[in-house]
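Inside the fold
Here's the letter readout for the chains.
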Amino acid sequence: MQFFSSDFTLGILGGGQLGKMMLYETRKWDIQTKVLDASEEAPCKIACNEFVQGSLMDFDTVHDFGKDVDVLTIEIENVNVDALEKLEHEGVQVYPPTKTLRTIQNKGVQKLFYTDHDIPTAAFTRFAYTSEIKDSISNGGVSLPFVWKSAQFGYDGQGVKVIRKIEDLKDLPNVECIAEKMIDFKNELAVVVARNTKGEVKTYPVVEMEFHPEANQVEYVICPARVDDAVAKKAQEIALKVSEHMKHVGLLAVEMFQTKDDQILVNESAPRPHNSGHYSIEAAYTNQFEQHIRAILGLPLGKTDSKVAGIMVNLVGAEGHTGEVVYQNMEKILGMDGVTPHIYGKKQTRPFRKMGHVTIVDKNMDRAREVAQQVKETIKVISK
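In this report, the structure presented in the accompanying data block is examined. (Residues numbered from 1 in each chain as written. Predicted model: local features only at pLDDT ≥ 70, side-chain atom pairs only at ≥ 80, totals over all residues. Heavy atoms only, no water.)

**Notes on the overall build of the protein**
For the record, the criterion: Counting from the N terminus, the helices are DSSP H or I runs at least four residues long and the strands are E runs at least two residues long. With C-alpha atoms as the basis for the radius of gyration, the globule rule is written as 2.2 Å multiplied by the number of residues raised to the power 0.38. Burial classes: relative accessible area under 20% of the type maximum marks a residue as buried, over 50% as exposed, and values in between as partly exposed (1.4 Å probe, protein chains only). Only heavy atoms enter the contact rule, under which two residues are in contact if any of them lie within 4.5 Å. Accessibility throughout is a Shrake-Rupley quantity obtained with a 1.4 Å probe, and a residue counts as covered only by protein chains that appear here.
Scanning the protein from N- to C-terminus turns up eleven helices and 21 strands. Over its C-alpha trace the protein gives a radius of gyration of 20 Å, about what one expects of a compact globule, namely 21 Å for 384 residues. Residues counted as buried form 57% of the 384 residues belonging to the protein. In the protein, of all internal contacts separated by at least 6 residues, the share reaching a separation of at least 24 is 63%. Summed over its atoms, the accessible surface of the protein is roughly 16700 Å², and 47% of this surface lies on carbon and sulfur atoms.

In structure tokens, the structure reads:
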């Protein structure tokens, strides 16, 4: 099949920043694209060949959208999988496959998948409703503290809460969920695995994630992770095992905990380009978005090594600011060596909303980390 400068069409479900960054690559290769998103102001709108406004969860909308494309992919998991399954039966190539999506879409199902395939993960209990947890605590089934996770529709720190006392359950939605044992970890790590339609597989280097304590969002992604070679090797092996059993096509980002005694436990996976891979745009030979396109089109996978040390800083809306966005001190960070901002194109900011990211590259990791700290302290995402 001829992908480049032809009438071949790649469909993308979701029009957010991940889709927008995927479109940098399709434009580079002159691949036609069609994007579906509910928002008229979706970041993807300016960069695709055709934009369709509609709900990603509506069966008919997704099915009608997918009928006209040759290959269909996602940039967010919250999509109507029944519609994708029907499209698959009708001959549309859907990547990741719907079977992979079904496993990942529900956190309870995802956790069971890990235990069924002997993939190390934190102990957990599934509940049909949050209201059932209280009884379980009083009966000794679940012990405090634990991490509450909504089974569906959680992302970017939404749908996750640390429960230290029973009162913490009070304002949570009464939905299907899991209660996960709290892990005393020393590092959060991630590995992005690429798998193409022909079964070729490559892993990116292990990255380390530093989280914001209140927002439960990644503040820094550091590549390579500052861990022993043995720990990095173990993390990559476990990520490959998840990938092999998941049978995804495209990218799979596997987030993990490194425990105090250097065990690796899988936290969760995402079958698409991921925040933990953004550093690769400036730091790697093949960035994660190009790699995803290569994988779903069955093209040879690119080199995953880093050229230099890379650190990614998320740009999130400042607390106390809601409304039309202003990026304060942008000129100052542009004056720093090795600093590249990426602005996602969301016109409205609100506290902790992901508005962009900045990558910092340097041959020296310590220097990159210092500059990342300066960037973090300098640029502010505020409202007018």
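**Side note on the pairing of strand S4 (residues 71-74)**
The following threshold applies: By this definition, two strands are paired if DSSP reports at least two bridges between them.
Residues Val-71 and Thr-73 line one face of S4 and the alternating positions Leu-72 and Ile-74 line the opposite face, and both faces are buried. Both S4 and strand S5 (residues 93-94) contribute to a ladder of two bridges, which runs parallel. Bridged to Leu-72 within S5 is Val-94.

**Let's talk about the nonpolar core**
As a reminder, the rule being used: What is meant by a nonpolar core is a set of buried Ala, Val, Leu, Ile, Met, Phe, Trp, Tyr and Cys residues, joined one to another through side-chain atoms within 4.5 Å.
Leu-10 and Leu-297 are the most contacted members of the largest nonpolar core, which totals 24 residues. The biggest single contributor to this core is helix H1 (residues 17-28), with four residues.

**Quick notes on the packing of aromatic side chains**
Filter applied, for reference: Aromatic rings from Phe, Tyr and Trp, taking only the six-membered ring of Trp, are treated as a pair when their centres fall within 6.5 Å; an angle between ring planes under 30 degrees marks them as stacked, one over 60 as edge-to-face, and anything in between as tilted. Comment: the charge-over-ring label is applied if NZ (Lys) or CZ (Arg) is within 6 Å of the ring centre and within 35 degrees of the ring normal.
Tallying each qualifying case throughout the model produces five aromatic pairs. Taking 4.8 Å as the distance between ring centres and 80° as the angle between the ring planes, the aromatic pair formed by Phe-3 and Phe-8 counts as edge-to-face. This pair shows no difference in class: Phe-3 is buried, exactly as Phe-8 is. Aromatic ring contacts, followed pair by pair, group Phe-3, Phe-4, Phe-8 and Trp-29 into a single cluster. Taking the ring centre of Tyr-285 as reference, the NZ or CZ of Lys-307 above it sits at 5.9 Å. Between Arg-369 and the ring centre of Tyr-220, over which it is positioned, the NZ or CZ distance is 4.2 Å.

**Let's talk about unusual backbone geometry**
Across the junction of Leu-144 and Pro-145, the peptide omega takes the value -10°, indicating a cis bond. When you line up the elements, Pro-145 lands in the loop between helix H6 (133-138) and strand S7 (146-150). The amide bond that connects Cys-223 to the next residue, Pro-224, takes the cis arrangement and shows omega of 0°. Checked against the element boundaries, Pro-224 lands in the loop between strand S13 (218-223) and helix H7 (229-246).

**Considering the sheet that holds strand S19 (residues 348-349)**
Taken together, three strands build an open sheet; the order of strands is S19-S17-S21 and the sheet is antiparallel. Lying at the two open borders of the sheet, with one neighbouring strand each, are S19 and strand S21 (380-383). Direction of pairing for strand S17 (residues 323-328) relative to S19: antiparallel, over a ladder of two bridges. The partner of Gly-323 across the bridge, within S19, is Thr-349.

**So, helix H11 (residues 365-378)**
Condition: The span one expects for a helix is its residue count, reduced by one, times 1.5 Å. Here a polar contact is taken to be a pair of N or O atoms separated by no more than 3.5 Å, where protein atoms must pair a possible hydrogen donor with a possible acceptor and residues adjacent in sequence count only if both atoms sit in side chains.
For H11, which comprises 14 residues, the first-to-last C-alpha distance of 20 Å matches the rise-based estimate of 20 Å (1.5 Å per residue) to within 8%. Listed as buried for H11 are Met-365, Ala-368, Arg-369, Val-371, Ala-372, Val-375 and Thr-378. Capping of H11 at its N-terminal end is provided by Asn-364; its side-chain oxygen lies 2.8 Å from the backbone amide nitrogen of Asp-366.

**Things to note about the pattern of salt bridges**
This is how the line gets drawn: A pair is scored as a salt bridge if a Lys or Arg side-chain nitrogen falls within 4 Å of a carboxyl oxygen belonging to Asp or Glu.
In this structure the tally under the stated criterion is 24 salt bridges. A salt bridge links Asp-68 to Lys-34; its shortest N-O distance comes to 3.3 Å. Residue Asp-68 is located in the loop between helix H2 (59-67) and S4, and its partner Lys-34 is located in strand S2 (residues 32-37); the two are separated by 34 residues in the primary sequence. With relative accessibility at 56%, the residue Asp-68 sits in the exposed group. With its nearest N and O atoms 3.4 Å apart, the salt bridge here joins Asp-64 to Lys-67. Taken together, the residues span about one helical turn, with Asp-64 and Lys-67 both in helix H2 at a distance of three residues. Here the salt bridges share partners, and the residues they tie into one network are Lys-107, Lys-111, Lys-149, Glu-180 and Glu-268.

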